[in-house]
Each structure stands twice: as structure tokens, then as C-alpha cells.
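Overview (structure and organization)
In case you want the letters, here they are:
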Amino acid sequence: MRQRPSWDQYFMEIAALVSSRSTCLRRQVGAVLVRDKHIIATGYNGAPRGVSHCLDVGCLREELGIKSGERHEICRGTHAEQNSIIQAALHGVTTLGTTLYCTHQPCVLCTKMLINAGVKKIVFRGDYPDSMALELIAEVGLEIVRWDEKGANGLG
């Protein structure tokens, strides 16, 4: 008999599919904002509308040798988590009380936005080198869960 995926697995797999639209040369990230088991917005990392993609013009961060997790302002792209919040706002949908499913741990910039957007829980798969993000998450009591194929593992 066929086994249906859990809700967490379902949304994590969708986040992975969303990441396939990324135009970043370094890391492909996908995010899905969910409320009451319904997707309200998705986002992937890439350049803003009308701006040339890194796929087309190259990666300035790579050219300058900037390490992952540092100097976020030197990047053409908008992060997947940011794009999911922007997409919800663009369509007039509240993010209050949502769960974010993301292929990677959010950086500190995205974490601050997720906190202010009223996201109540973050489920992520891949690591990201940003301990300050985890400190802020712990400080505000935001639930965060590292997902693996066997299931979720709480961090906070």
C-alpha cells in the first residue's frame, strides 16, 4: 500500500521544487509559506524583476571571494524567504501565524523579516552559516525545526 507523505514532507518537497527556479550561481533556495495546510506564497532566490540574473551576468560575490553568510548587501539576489514574504504582500495575504518551509536555514536578515512578518515556525533542511539568526530565533521563542528524511528534529 502506498504511503502518503506527512504534511512536513509534502511542503519540504515543494520547497525543493521551488528552489529549482533559483537564478543564484552559489546556492539554490526555495521557500514556502503555509497556513492551515494551505500554501499562501512561495519564493526562490534570484534577482528582482527586471534586473539581470546572476546566471546571465555572473556572481559578484564569487568574483570578490566573499564567504557564504557574509556581506549580504553585495548580491543582486533577493533571498527566497524575502521573496515569499513579498509575494504574500503583493497579493494582500497576511503572513501572521504561518509556517515557513525552506530548503536552508534562514540568514539573519531573513530571520528578522520572518519575525516581523509574524511567522510562527520555521522548518528547514540545509544549514546556513549564521549563528546570529539562531540567537534571534531563540530570543523571541520562534519554533525552528531541522528537517531530515526521517522526520523533523527540533532545535529550539
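Residues numbered from 1 in each chain as written. Predicted model: local features only at pLDDT ≥ 70, side-chain atom pairs only at ≥ 80, totals over all residues. Heavy atoms only, no water.

Thoughts on the packing of helix 5 (residues 108-116) against helix 6 (residues 131-140)
What counts is decided by this rule: Lines fitted to C-alpha atoms define the axes here, with helix axes fitted over just the stretch in contact, and angles between the N-to-C directions of these axes take values from 0 to 180 degrees. Put simply, DSSP marks the helices as runs of H or I at least four residues long and the strands as runs of E at least two long, and each gets a number from the N terminus on. Throughout, the term roughly parallel applies to angles under 35 degrees, roughly antiparallel to angles over 145, roughly perpendicular to angles from 65 to 115, and oblique to all others. The crossing is said to be left-handed when, going from far helix to near helix, the turn is anticlockwise and less than a right angle, and right-handed when the turn is clockwise. Contact criterion: two residues are considered in contact whenever any of their non-hydrogen atoms come within 4.5 Å of each other.
Relative to each other, helix 5 and helix 6 sit at 20°, their axes nearing to 8 Å. Between helix 5 and helix 6, the interaxial angle falls into the category roughly parallel. Where helix 5 crosses over helix 6, the two elements pack in a sense that is right-handed. Facing helix 5, whose interface residues are Val 108, Thr 111, Lys 112 and Ile 115, helix 6 presents Met 132, Ala 133, Leu 136, Ile 137 and Val 140.

Topic: helix 4 (residues 80-90)
The line we're drawing: Burial classes follow relative accessibility: with a 1.4 Å probe on protein chains only, a residue under 20% of its type's maximum area counts as buried, one over 50% as exposed, and anything between as partly exposed.
For helix 4, every residue scored as buried is listed here: Ala 80, Glu 81, Gln 82, Ser 84, Ile 85 and Ala 88. Buried residues belonging to helix 4 abut strand 1 (30-35), strand 2 (38-44), strand 3 (99-104) and helix 5. With its phi angle positive at about 70°, Gly 92 sits one or two positions after the end of helix 4.

Things to note about the packing of helix 4 against helix 5
Put simply, the rule is: Under this grouping Gly is polar, as are all residues other than the nonpolar Ala, Val, Leu, Ile, Met, Phe, Trp, Tyr, Cys and Pro and the charged Asp, Glu, Lys and Arg.
Their axes nearest at 9 Å, the elements helix 4 and helix 5 cross at an angle of 30°. Of the possible angle classes, the one that applies to helix 4 and helix 5 is roughly parallel. Helix 5 is crossed by helix 4, and the crossing has left-handed handedness. Along its contact with helix 4, which presents Glu 81, Gln 82 and Ile 85, the element helix 5 presents Leu 109, Cys 110, Met 113 and Leu 114. Within the contact of helix 4 with helix 5, the residues separate by chemical class into five nonpolar, one polar and one charged.

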